[in-house]
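Examining the three-dimensional arrangement
In case you want the letters, here they are:
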Amino acid sequence: MVLVRKACRDGGSFRSWFWRECFEALVLGESMSQERAVPESAVPLEEISSWPEELCRRELPSVLPRLLSMYQHSDNWIEHIQILKIIVEMFLPHMNHLTLEQTFFSQVLPKTVRLFDDMMYELTSQARELSSQNLEIQSTLRNILQTMVQLLGALTGCVQHVCATQESVILENIHSLPSSVLHVIKSTFVHCKNSESVYSGRLHLVADLLQALFKEAYSLQKQLMELLDMVCMNPLIDEHDDILNMVVVIHSLLDICSVISSMDHAFHANTWKFIIKQSLKHQSVIKSQLKHKDIITSLCEDILFSFHSCLQLAEQMIQSDAQDNADYRLFQKTLKLCRFFANSLLHYTKEFLPFLSDSCCTLHQLYLQIYSKFPPSLYAAGISKAQQEEIASTFLVTLSPLISQLLTFQPFVDVVLDSKLELPCELQLPQCLLLVVIMDELSSRPEDVQALWCTESQVSKATARVSLLKAIFSSFEQCSGELSLPVHLQGVKSKGQAEVAVTLYQHVCIHLCTFIASLHPSLFPELDTALLNAVLSANMITSLLAMDAWCFLARYGTAELCAHHVTIMAHLIKSCPGECYQLTNLSILLRRLFFFMAPPQQVEFIQKFPPKETENLLLWQYISFQALPAELRKQTALEVTRAGTAWCMKWLGSNRTLEELESLNTVLSALLAVCNSSGEALDLGQQTAIKEVGSQLSILLNVKLVIDQPYVQQTLSLLLPLLGFFIQTLDPQLVSQVITLQTSLLKLEPPDHVRLAFLDFLSSLGKLFIPQTIQDRILPSLSSVFASLLADRNWLLEQHSLEAFTQFAETGFVDETTAVRLERIKQEKGTFWEPFAKVTQEETKMSSLQPCVKRARHELPSEDEYRSTLKAATEALEAIELLLQKSPPPDWLLMEMETLQERIDKLKRQNCSGRKQ
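Residues numbered from 1 in each chain as written. Predicted model: local features only at pLDDT ≥ 70, side-chain atom pairs only at ≥ 80, totals over all residues. Heavy atoms only, no water.

Scanning the protein for helices and strands turns up 42 helices and two strands. With 917 residues in all, the protein has 45% of them scored as buried. Sequence-distant contacts, at least 24 apart, represent 74% of the contacts inside the protein between residues at least 6 apart. Looking at the protein as shown, the accessible area adds up to about 48400 Å², and 54% of this sits on carbon and sulfur atoms. (Helix = DSSP H or I, 4+ residues; strand = E, 2+ residues; numbered from the N terminus. Buried < 20%, exposed > 50% of the residue type's maximum accessible area, 1.4 Å probe, protein only. Contact = heavy atoms within 4.5 Å. Areas by Shrake-Rupley, 256 points an atom, 1.4 Å probe, with all protein chains shown as cover.)

Another aspect to go through is the environment of Ser197. Mapped onto the secondary structure, Ser197 falls in helix α9 (residues 195-199). Here the alpha-carbon distance between Ser197 and Arg128, two residues 69 residues apart in the chain, equals 9.7 Å. A distance of 2.8 Å separates a polar atom in the side chain of Ser197 from the backbone oxygen of Asn194. (Polar contact = N/O pair within 3.5 Å; in protein donor to acceptor, adjacent residues only side chain to side chain.)

Let us now look at the nonpolar core. In terms of nonpolar packing, the biggest core is built from 277 residues, with Phe91, Phe104, Phe395 and Trp453 touching the most fellow members. Beyond its immediate sequence surroundings of up to four residues, Phe91 is in contact with Ile48, Trp51, Cys56, Leu60, Val63, Leu67 and Ile86. (Core = buried A, V, L, I, M, F, W, Y, C linked by side-chain atoms within 4.5 Å.)

On to the pattern of salt bridges, then. Taken as a whole and assessed by the stated rule, the structure comprises nine salt bridges. Linking Arg592 and Asp548 is a salt bridge whose minimum nitrogen-to-oxygen distance equals 2.8 Å. Of this pair, Arg592 sits in helix α28 (residues 581-594) while Asp548 sits in helix α26 (residues 540-556), and the two are 44 residues apart along the sequence. Note on Arg592: relative accessible area 27%, which makes it partly exposed. For the salt bridge of Lys704 with Asp708, the shortest nitrogen-to-oxygen distance reads 2.7 Å. Of the two residues, Lys704 and Asp708 both sit in helix α34 (residues 703-708), four residues apart, roughly one turn of that helix. What makes Lys704 exposed here is its relative accessible area of 61%. (Salt bridge = Lys/Arg side-chain N within 4 Å of Asp/Glu carboxyl O.)

Turning next to the side chain of Gln742. Position of Gln742 relative to the elements: it lies in helix α36 (residues 732-747). On the basis of relative accessibility, which here comes to 1%, the residue Gln742 falls in the buried class. Setting aside chain neighbours within four positions, we find Gln742 in contact with Leu720, Phe758, Phe761, Leu762 and Val785.

Let us look at a nonpolar patch on the surface. Together, Leu877, Met897, Leu900 and Ile904 make up a nonpolar patch on the protein surface, roughly 290 Å² of accessible area in all. Take the nonpolar patch: its biggest share by element is three residues, from helix α42 (residues 892-916). Tracing the backbone shows Ile904 in helix α42. Accessibility expressed as a relative area gives 35% for Ile904, which makes it partly exposed. (Patch = residues over 30% accessible without salt bridge, like charges linked within 9 Å, V, L, I, M, F, W, Y side chains within 5 Å.)

With that settled, consider the packing of aromatic side chains. Within the structure shown, the criterion is met by 21 aromatic pairs. Seen in terms of ring centroids, Phe189 and Phe214 are 5.2 Å apart; in terms of plane orientation they differ by 50°. Their pairing is tilted. A residue pair is termed long-range when its members are at least 10 positions apart, and Phe189 in helix α8 (residues 176-193) and Phe214 in helix α10 (residues 207-228) qualify at 25 residues. The buried category is assigned to Phe214, whose relative accessible area is 18%. Each residue in the set Phe594, Phe605, Phe609, Trp620 and Phe625 is aromatic and connected to the rest through ring pairs, giving one cluster. (Phe/Tyr/Trp six-rings, centres within 6.5 Å; stacked < 30°, edge-to-face > 60°.)

At their nearest, the axes of helix α6 (residues 100-126) and helix α7 (residues 135-165) sit 10 Å apart, and the two run at 155° to each other. In terms of their interaxial angle, α6 and α7 are classed as roughly antiparallel. Crossing hand, α6 versus α7: left-handed. For the pair α6 and α7, contact is made by Leu100, Phe104, Phe105, Leu109, Thr112, Leu115, Phe116, Met119, Met120, Glu122, Leu123 and Gln126 and by Ile137, Thr140, Leu141, Ile144, Leu145, Thr147, Met148, Leu151, Leu155, Cys158, His161 and Val162, respectively. Of the residues that constitute the contact of α6 with α7, the class distribution is 18 nonpolar, five polar and one charged. (Axes fitted to C-alpha atoms, helices over the stretch in contact; angles between N-to-C directions. Parallel < 35°, antiparallel > 145°, perpendicular 65-115°, else oblique. Left-handed = near helix turned anticlockwise from the far one by under 90°. Nonpolar A, V, L, I, M, F, W, Y, C, P; charged D, E, K, R; others polar.)

Here we take up helix α16 (residues 360-372). Owing to its 3.6 residues per turn, the α-helix aligns residues three or four sequence positions apart on the same side. Along its 13 residues, α16 runs 18 Å from first to last C-alpha, staying within 8% of the 18 Å computed at 1.5 Å per residue. Residues of α16 that are buried: Cys360, Leu363, His364, Leu366, Tyr367, Leu368, Ile370, Tyr371 and Ser372. Looking at the packing, one finds that the buried side of α16 touches α14 (292-320), α15 (326-352), α17 (385-399), α18 (401-406), α19 (410-416) and α20 (428-442). (Expected span 1.5 Å × (residues − 1).)

Let us now look at unusual backbone geometry. The linkage connecting Pro375 with the following residue, Pro376, adopts the cis geometry, with an omega of 15°. Mapped onto the fold, Pro376 is located in the loop between α16 and α17. Omega for the bond connecting Leu485 with Pro486 falls within 30 degrees of zero, at -15°, which places this linkage in the cis form. By the secondary structure assignment, Pro486 is in the loop between α23 (480-484) and β1 (488-489). Located in the positive-phi region is Glu749, a residue other than glycine, with phi close to 55°.

Tracing the backbone through its elements, the reader meets His80 in helix α5 (residues 77-91). Here His80 falls in the buried class, since its relative accessible area comes to 3%. The residues touching His80, leaving out its near neighbours within four places in the chain, are Tyr71, Ser74, Asp75, Lys111 and Leu115.

This brings us to the confidence of the model for the protein. Averaged over all residues, the pLDDT of the protein equals 85, while 87% of them reach at least 70. Predicted confidence for residues 1-42 stays below pLDDT 50, and this span has 49 contacts to residues more than four positions away or in other chains. Here residues 842-858 scores under 50 on pLDDT; set against residues more than four positions off or in separate chains, the count is zero contacts. (pLDDT = per-residue confidence, 0-100.)

In structure tokens form, the structure reads like this:
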């Protein structure tokens, strides 16, 4: 640059200076002959540029070395470009294409690249000084840009020449050309991309030349891709240099992709298309040399960038509330770009899968990131339903085969099922949905593929892989927010029915059961293990999902398989050391599975665990007798009752140690199970035996014992509902004693499960007619207990208290006959009238001692009084309507309504006559 400025300041013109320099560089002394053309050593370059084609061809051997020498020894940018243009335009067409690398490219292009880098450095360094007032800097920078455009044009000429003279190209013969051109192109694009920051607010002073520079680089790359498309590599010949050169070319284009991704979408896509095409074209020879991880990473980044752009545009369209606008057209273009990238990724993954072991984490994260921003994710972008469907049908459906391609690739399995996989909250739902997709894919795969996913493995010393079945429960457990909201997913279409959205729980449960139905029998041990671990989970929703899946397995499988699972549950329950949530979960599952057992297997179960043996009552407390056929139910209930009451009577007649309370509670629980699920099968003698046992045990309880001993609290919690079952035949004194005990205990704030047992007993009292002789003792205590429980701040207890009070109030006279009802009303009338009559007599006596008062003035009722009275009548009718919606009306209601209607008609007639008066 210094030389250029110096030449411009010299007295002579730059042209004279330039040709003087050229002349001194040439070898003088060669003789001139007037019979032939003037040799190049004595002919100015300006004249050479006008030589005819034939002369250039003939003088090539002597002129080219001189020009190359001048090019190598010159430090002037403009001189470089002039010489380069002359060589490319005048002499390159006449060179042997087989020796281009040795004679031209290897000698010229390295220095051309350095020249371009120097100009780029000078341009960037002085761009800060650019201003409309500093004309010298402005002229200097524009001259540099013009020179760079010419340099790119010369390189374009080189590429075009190779394309025009060869049908197929051996890369080794031109290997300096692609690498040099790609370096220049990338440098140009980077400068254009950063131009706003480089030139700050003075970009407009050079914008036209920057645009020309970009267009020239754009054209040069298109020409280079056309040239590279002609390159042939023989897979049978191990040409190491050719392979490395092609790998360099592909990764250089990959670097360019990262630069132009936000500059020109179409050009970006075409460059990617070329990268994929060349990678596949030369796959056999370059597959082991390509940096597949870099390619996959860049492709995934471009997919995510385009996808996020789609979502942003979709959000903008919601705000603008318009479809036919520029945003929507851009949205569609960006969405098509997403689809193109997805197809490119699928194509590349399919062809190079064995080399993608270190890219599996990137592919996994791609899937999770995409679905974390799309409904039903809680972190999804706020886009319209129409755009959701458009994205799903255009892009997501294109990407969906990716999982199918990776399904048999063990490194991908290891990544997805990594035992130490820790995901942020926004990626937990996508992980769960991914596992569901994998289950769906595995349903049609052979045993070895299912085994790959469903068996645990130690990948390395530091990494282990869990089974898919274990992972699905673990992932499902992490989606607490989506389960509680709940989010909804696309449902399954049924024949003749419209598709209905389903909750996440339903979605996972349906697909899990479908997968279980397709699972190879050899993998049932893994299934059993995963289901059992999930059933024993402390997370209630996870345990419930496992139970639902297990029940499906019981219904889908054979009767023998169901019986086998019930037997396993029974042994596990018997081996539990004590009360725990695992025992609760197992007992619920046992109860549910027992309903699916065939009668022959139920008989076998009874034989294995006979209820007449007290030790087996531990199991029978959890089994519903409704699951048994009528005759078998009656027989089993009888055996449980006999064994249970006998054990209780034995305990009552012994020392009654606290150590045996756990066994007592088990027996009481079994007796309660009989009463709740098979009470109608018990004869009078069995009912009497149970009632007698319960009554005697209740007498033994006192406030201190209940408060101090947790086992006694459980005993009371079992006794109260058991006594409630026989409430109509209980001794009233015992009822009074139990209510008094409850009143005392409530003052000491017993545990919640004890209060819930109180409510069971209280709700049953509605069926009991309390004799008048003990009403004074029971009713105040009963009111106190209800008041205390209804005032409880625990929402669960409050709800149960309301239900118990409602049940107590509504069931009092369900079984009351007409005669009994008539007698009750008479008694109530007498009860209510007696104190009123006494008060009236006393008032009469007192009135004789008081002077007569004046008759009060008769006030006419106001309009407000009419309105308030009518409102009260209307509200009463509305209350009756609500009651009719809840339950069938009593027999007397219709008669009372008719009476009421007659009174309304009478009031109408009075109203009409009053108006006439």
